[in-house]
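Chain residues, written in single-letter form:
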Amino acid sequence: MINRRTFNKAMGLGTGAAAVSLAGFQANAKASPAHHHGGTPTPTVPAVTPGTHTSFARLKQVKAGVLDVGYAEDGPAHGPVVICLHGWPYDIHSYADVAPLLAAQGYRVIVPFLRGHGTTRFLSSRTFRNAQQSAVALDIIALMDALKIDKALLAGFDWGSRTTDIIAALWPERVKGLVSVSGYLITNVEAQQKPLPPAAEHTWWYQYYFATERGRLAMEDKTDRHDLCRLVWDTVSPTWHFDDATFERTAAAFENPDYAAIVIHNYRWRLGLADGERRYDRHEGRLATRPVIEVPTITLDPERDPFTAPGDGASYRDRFTGKYAHRTLIGIGHNLPQEAPTAFAQAVVDVDHF
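Residues numbered from 1 in each chain as written. Predicted model: local features only at pLDDT ≥ 70, side-chain atom pairs only at ≥ 80, totals over all residues. Heavy atoms only, no water.

1. Observations regarding the overall build of the protein chain
Rules: Secondary structure elements follow DSSP: runs of H or I of four or more residues count as helices, runs of E of two or more count as strands, with numbering from the N terminus. In what follows, a contact means two residues having at least one pair of non-hydrogen atoms within 4.5 Å. Areas reported as accessible are Shrake-Rupley estimates using a 1.4 Å probe. Residue values count occlusion only from the protein chains shown.
Counting its secondary structure elements, the protein chain contains 14 helices and eleven strands. The long-range share in the protein chain, meaning contacts at least 24 apart out of those at least 6 apart in sequence, stands at 78%. As displayed, the protein chain offers around 14,700 Å² of accessible surface, 54% of which is attributable to carbon and sulfur atoms.

Set out below in structure tokens:
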């Protein structure tokens, strides 16, 4: 007989996801396509208990564009490529369980530290520490070029979702399929000027904090930065009972010398309070039109994430015009790949078999 604890482990949802129910998951699973590709059933990813893996098989560095990119790699060198992108305030450890699951399915898994995080460094001290959305997306294109990856499956959450969405929209020829947590996150700076409902504005408290000098100083101070990021983890993943060691493994990535500058610029730029660079104007102009994404896509909504929009994906459904499925993970918070690694990895395998 299966009980709630056993079911949560089997789905990679974690024992802390108390809100998960068989009925709730089955209702959401009905939106998924049949798992067949050319008449062959799509592989089922074996379940893993979240937190089983705490490190990566290989950590590497490669010069790509304006960066020396640090990244984790797992799986066969010539397997189909999956690139997994983290968000803020997170790092590559969001995929510590996902990477070996996908590697076991034959994928070559690449998990880079985004600019300003971990071992990723700018090649020149003169390069503007810019975190506008198209600059971050072009980092990943440069990484693919440096690693001679013509096309890949892309998967991400938070900053990672935004970045994968942008690449899929502007360079679809580089994307075999997309897994995007929270759907369509491409930023329209002009539209951002319009106020949100008060409850939504309250959730974004740190975005406004970072617009102030006090917020900048907090991000530059090691203790304040550590405590602020820990508070964000606690509030946006209310059912994830992670331990101190889990947070500290990721917090090490916040010691990057450019971390504060990158984080502050990202949030100020989104609000129209910081300038980007003219060389990205062409890309930002295209992104401001809210371009559709035509590549095969699965969107995932974490039900307990305070940023998850109501409507079970309806608010962004029209932005995805190719083969598509949507899933809501009941009882899961913002850091979906780390909280529900089996479900995330299964979405990657499924979209590859659309």
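Let's pick the thread back up.
2. Structural notes on helix H5 (residues 159–170)
Put simply, the rule is: Under the convention used throughout, the expected extent of a helix is 1.5 Å for every residue step, that is, one less than its residue count. Only protein chains enter the calculation, and the probe is 1.4 Å; a residue is then buried if its accessible area is under 20% of its type maximum, exposed if over 50%, and partly exposed in between.
Here H5 spans 17 Å end to end across twelve residues, near enough to the 16 Å set by a 1.5 Å rise per residue. What H5 keeps buried is the set Trp 159, Gly 160, Ser 161, Arg 162, Thr 163, Thr 164, Asp 165, Ile 166, Ile 167, Ala 168, Ala 169 and Leu 170.

3. A closer look at the pairing of strand E3 (residues 58–64)
To be explicit about the condition: When DSSP locates at least two bridges between a pair of strands, those strands are taken to pair.
Sheet analysis places E3 next to strand E4 (residues 67–74), joined by seven bridges and oriented antiparallel. By the bridge assignment for E4, Ala 64 is matched with Leu 67.

4. Looking at unusual backbone geometry
Cis geometry is found at the peptide bond from Trp 88 to Pro 89, where omega equals 0 degrees. Following the sequence through the fold, Pro 89 ends up in the loop between strand E5 (81–85) and helix H3 (98–104). Non-glycine residue Lys 148 carries a positive phi angle of around 55 degrees. As for its placement among the helices and strands, Lys 148 is situated in the loop between helix H4 (133–146) and strand E8 (152–156). With relative accessibility at 75%, the residue Lys 148 sits in the exposed group. Even without a glycine there, the phi angle at Arg 290 is positive, about 55 degrees.

5. Points about the pattern of salt bridges
For the record, the criterion: The salt bridge criterion pairs a side-chain nitrogen of Lys or Arg with a carboxyl oxygen of Asp or Glu, the two atoms within 4 Å.
Following the criterion strictly, the structure yields 15 salt bridges and no others. Between Glu 220 and Arg 216 there is a salt bridge whose closest N-O contact spans 2.6 Å. Linking Glu 220 with Arg 216, this pair stays in helix H8 (residues 213–220), spanning four residues, or about one helical turn. Among the residues examined, Glu 220 registers a relative accessible area of 45% and is labelled partly exposed.

6. With respect to H4
End to end, H4 covers 20 Å across 14 residues, agreeing with the expected 20 Å (1.5 Å per residue, within 8%). Every buried residue of H4 is listed here: Gln 133, Ser 134, Ala 135, Val 136, Ala 137, Asp 139, Ile 140, Ile 141, Ala 142, Leu 143 and Met 144. Lys 148, located one to two residues past H4, shows a positive phi value of around 55 degrees.

7. A few points about the side chain of Asp 74
Within the fold, Asp 74 resides in strand E4. Setting aside its immediate chain neighbours within four residues, Asp 74 contacts Ala 57, Arg 58, Ala 99, Pro 100, Ala 103, Tyr 107, Arg 108 and Val 109.

8. Looking at the nonpolar core
Rules: Grouping buried Ala, Val, Leu, Ile, Met, Phe, Trp, Tyr and Cys residues that are joined through side-chain atoms within 4.5 Å yields what is termed a nonpolar core.
One finds Ile 83, Trp 88, Leu 102, Phe 210, Met 219 and Phe 344 to be the most contacted residues of the largest nonpolar core, which totals 98 residues. When near neighbours in sequence (up to four residues on either side) are disregarded, Phe 210 contacts Trp 88, Gly 215, Met 219, Leu 228, Val 263, Ile 264, Tyr 267 and Arg 268.

9. Observations concerning the packing of H8 against helix H9 (residues 222–236)
This is how it is decided: Orientation is described by axes fitted as lines to C-alpha atoms, over the contacting stretch for helices, and by angles from 0 to 180 degrees between their N-to-C directions. Just so you know how the angles are binned, under 35 degrees is roughly parallel, over 145 roughly antiparallel, 65 to 115 roughly perpendicular, and the rest oblique. Side-chain classes follow a simple rule in which Ala, Val, Leu, Ile, Met, Phe, Trp, Tyr, Cys and Pro form the nonpolar group, Asp, Glu, Lys and Arg form the charged group, and the remainder, Gly included, forms the polar group.
Running from N to C, H8 and H9 cross one another at 100 degrees; their axes reach a closest spacing of 5 Å. Classed by the angle they form, the pair H8 and H9 counts as roughly perpendicular. Residues Ala 218, Met 219 and Glu 220 of H8 form the contact with H9, whose participating residues are Lys 222, Asp 224, Arg 225 and Leu 228. When its residues are assigned to classes, the contact of H8 with H9 shows three nonpolar, no polar and four charged.

10. Here we look at the packing of aromatic side chains
Formally: Ring pairs shown here join Phe, Tyr and Trp side chains whose ring centres sit within 6.5 Å, with only the six-membered ring taken for Trp; geometry is labelled stacked below 30 degrees between planes, edge-to-face above 60, and tilted in between.
What the rule picks out here adds up to 25 aromatic pairs. Summarising the aromatic geometry, the rings of Trp 88 and Tyr 267 are spaced 5.6 Å apart at their centres and angled 70 degrees between planes, so their arrangement reads as edge-to-face. In this pair, Trp 88 sits in the loop between E5 and H3 while Tyr 267 sits in helix H11 (residues 259–270), placing the two residues 179 residues apart along the sequence. Classification of Trp 88 as buried rests on a relative accessible area of 1%. Here Tyr 267 falls in the buried class, since its relative accessible area comes to 0%. The interplanar angle of 25 degrees and the centroid separation of 5.4 Å between the aromatic rings of Phe 320 and Tyr 324 together place this pair among those described as stacked.

11. A closer look at the confidence of the model for the protein chain
Keep this limit in mind: pLDDT measures how confident the predictor is about each residue, on a scale from 0 to 100.
Within the protein chain, residue pLDDT values average 90, and 89% of them lie at 70 or more. At the level of individual helices and strands, the protein chain shows its lowest average pLDDT in helix H2 (residues 22–29), which scores 33, and its highest in E5, which scores 99.

12. Some words on the side chain of Asp 97
The line we're drawing: Counting rule applied: Lys, Arg positive; Asp, Glu negative; His and chain ends not counted. The definition of a polar contact used here is a pair of N or O atoms within 3.5 Å, where within protein one atom must be able to donate a hydrogen and the other to accept one, and adjacent residues in sequence count solely through side-chain atom pairs.
Relative to the helices and strands, Asp 97 is located in the loop between E5 and H3. Despite its burial, Asp 97 remains without a salt bridge, the nearest opposite charge being carried by Arg 249 at 8.5 Å. Side-chain polar atoms of Asp 97 contact the backbone nitrogen of Gly 51, separated by 2.6 Å. Here the side chain of Asp 97 touches Thr 52 through a polar contact of 3.4 Å, landing on its backbone nitrogen. Look past the residues within four positions of Asp 97 in its chain and what remains in contact with it is Val 48, Thr 49, Pro 50, Gly 51, Thr 52, His 53 and Pro 341.

13. Let's talk about the environment of Val 179
The topology assignment puts Val 179 in strand E9 (residues 175–181). Look past the residues within four positions of Val 179 in its chain and what remains in contact with it is Leu 154, Ala 155, Gly 156, Ile 298, Leu 300, Phe 344, Ala 347, Val 348 and Val 351.

14. So, the pairing of strand E6 (residues 108–112)
On a regular strand, one side chain projects to one face of the sheet and the next to the other, so that they alternate. Stated precisely, the cut-off is as follows: A clockwise course of the path from the first strand over the helix to the second, judged with the strands pointing away from the viewer, identifies a crossover as right-handed.
Counted residue by residue, E6 has five buried out of five residues, so it is predominantly covered. Side chains Arg 108, Ile 110 and Pro 112 of E6 all project onto a buried face; the interleaved residues Val 109 and Val 111 project onto the opposite face, where all are buried too. With four bridges connecting them, E4 and E6 associate as antiparallel partners. Among the inter-strand pairings, Asp 74 is bridged to a residue of E6, identified as Val 109. Relative to E6, E5 runs parallel, the two sharing three bridges. Across the sheet, residue Val 81 finds its bridge partner in E6, namely Arg 108. The handedness of the E5 to E6 crossover, carried by H3, is right-handed.

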